[in-house]
Each structure stands twice: as C-alpha cells, then as structure tokens.
Amino acid sequence: YGGRGEKEGNLVLNRATRTTRSPGSSIKPVSVYAPALEMGLITPASVLDDVPQDFSIKSSGWPKNSTNGGVWQGRMTVKKAIEVSNNTLLRLQLIFAGFHTVDLIQQMGADASFDFATEKLGLPLEEGRTVTDKKGNTRTVSDKGLAPLALGGLTDGVSVLDMTAAYAAFGNYGYYNEPKVYTK
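The model shown is predicted, which means the values in this text are computed figures rather than measured ones. (Residues numbered from 1 in each chain as written. Predicted model: local features only at pLDDT ≥ 70, side-chain atom pairs only at ≥ 80, totals over all residues. Heavy atoms only, no water.)

## Digging into the pairing of strand E6 (residues 138–141)
Here's step 1: Pairing of strand E5 (residues 129–132) with E6 involves four bridges; the strand directions are antiparallel. Of the residues in E6, the one forming a bridge with Val 131 is Arg 139.
Here's step 2: Here E5 hands over to E6 after five residues, with Gly 136 in that stretch at a positive phi of 90°. (Pairing = 2+ DSSP bridges. Helix = DSSP H or I, 4+ residues; strand = E, 2+ residues; numbered from the N terminus.)

## Some details on the environment of Leu 151
Here's step 1: Mapped onto the fold, Leu 151 is located in helix H6 (residues 146–151).
Here's step 2: By relative accessible area, Leu 151 is classed as partly exposed at 28%. (Buried < 20%, exposed > 50% of the residue type's maximum accessible area, 1.4 Å probe, protein only.)

## Notes on the nonpolar core
Here's step 1: With 15 residues, the main nonpolar core has Val 30, Leu 121, Leu 123, Leu 125 and Val 158 as its most contacted residues.
Here's step 2: Listed by contribution, the elements that provide at least two residues to this core are helix H2 (28–38), helix H5 (110–120) and helix H7 (160–168).
Here's step 3: For this core, the element with the highest residue contribution is H5, accounting for three residues.
Here's step 4: Among all residues touching Val 158, those that are not within four sequence positions of it are Thr 19, Thr 20, Arg 21, Pro 23, Leu 123, Pro 124, Leu 125 and Met 163. (Core = buried A, V, L, I, M, F, W, Y, C linked by side-chain atoms within 4.5 Å. Contact = heavy atoms within 4.5 Å.)

## What to know about the pattern of salt bridges
Here's step 1: Overall, the coordinates contain five salt bridges when judged by the stated rule.
Here's step 2: A salt bridge links Lys 144 to Glu 127, with the nearest nitrogen and oxygen atoms 3.0 Å apart. Placement of Lys 144 in the loop between E6 and H6 and of Glu 127 in the loop between H5 and E5 is noted, with a sequence separation of 17 residues between them.
Here's step 3: The class of Glu 127 is exposed, set by a relative accessible area of 52%.
Here's step 4: For Asp 156, the salt bridge goes to Arg 129, with nearest N and O atoms at 2.9 Å. With Asp 156 in the loop between H6 and H7 and Arg 129 in strand E5, this pair connects stretches of sequence that are 27 residues apart.
Here's step 5: Note on Asp 156: relative accessible area 39%, which makes it partly exposed.
Here's step 6: Because the salt bridges share partners, they merge into one network encompassing Asp 111, Glu 127 and Lys 144. (Salt bridge = Lys/Arg side-chain N within 4 Å of Asp/Glu carboxyl O.)

## Comments concerning H2
Here's step 1: Extensive coverage of H2 is indicated by the burial of nine of its eleven residues.
Here's step 2: Residues Lys 28, Pro 29, Val 30, Ser 31, Val 32, Tyr 33, Ala 34, Pro 35 and Ala 36 constitute the buried set of H2.
Here's step 3: In the stretch just after H2, Gly 40 is the one whose phi turns positive, near 75°.

## Considering the packing of aromatic side chains
Here's step 1: Going through the model one piece at a time under the given rule, you end up with one aromatic pair.
Here's step 2: Look at Tyr 167 and Phe 170: their rings are 5.4 Å apart centre to centre, the planes differ by 85°, and that puts the pair in the edge-to-face class. (Phe/Tyr/Trp six-rings, centres within 6.5 Å; stacked < 30°, edge-to-face > 60°.)

In structure tokens form, the structure reads like this:
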C-alpha cells in the first residue's frame, strides 16, 4: 500500500523495499520446512504429531496454535501443517516408524535453519548485534533461535522485497535470484 493523498515527491519512502516488518508465520516455509526438506529430514507426506510440547513454559503446553481455536489436532502431514500454518509442529516432532520421535528443529539446528534462510534465500537476518538501551544497558540481539526462525519474531524484521525474493525460489526449482527493482 503506497500511502494516501497526493504524491509529495520523487524517491520518497518505498514501503516494499525500505520498511521492515515481522514476517510472522510466513517465515515458516523459508526457515523451517524448506531446509528440513532439503536435508531429507521430512517429506510433504511425513506425519507429525500436533500435541503440546513444552510444559515448562506454560502448564497447558507450548506453543499454542493460532488456528482452530488453539486446539491441537493430532497427527497430520507436513503438507497439511504448512496449509494450516501449524505452530506446534514447528517444534516438529517427527514420527519415525511410529515409535521414535525426534525434535526436528533441534536435529536440524538453529544454525542450519538460519544459514539456509540467509545464504540460500537471501533474508537479511541478524546473527548477533550488541544494542544499548536508553539506560545504558547492553544486550545482544539475534535471529538465530527457535522463536525468530519458527514464529517470525525477528529483531529488525524483513521487507516485502526480501520475503518475495525468498518465496520466488519455491517457484524457481529452488534457485534464489537476487531481486531487481525497476523504476522506469
């Protein structure tokens, strides 16, 4: 959306290329499912168990699903999980032979997920930066973790152009092309 009213100048803020926002759930295919598929850890037909995972964070289990009233739906395929943007499966408890479960995001590792999103799909994610608040307190911020990579809560966010270019690789047989912007 380009703003309201009369155009007030040339080369003013371009919301598609120069503003960043949290990608939210739209990051899931880019940073979790695509690298797991490429590593051979899952296929679209792999069956995952949509159940509460971590009870240390919340007594009712974490993470909650935002779809279907937050209700867990039991076993479903990766294809279905992507379709309904399932949050619980991002802990990705993968069922092998019906008896052995592994935590896919841990098996894949945050480093592999982060590297895939940044190196193969061009997302400008934050690897680690020290920031100082108004009171002089310093802390390190990074997008290399479960919540940022699986749920899209990124430090600085990404632009529409960044996400569009990353998603374009899915329709281009997995090949990322750096986007080109034309003004005329």
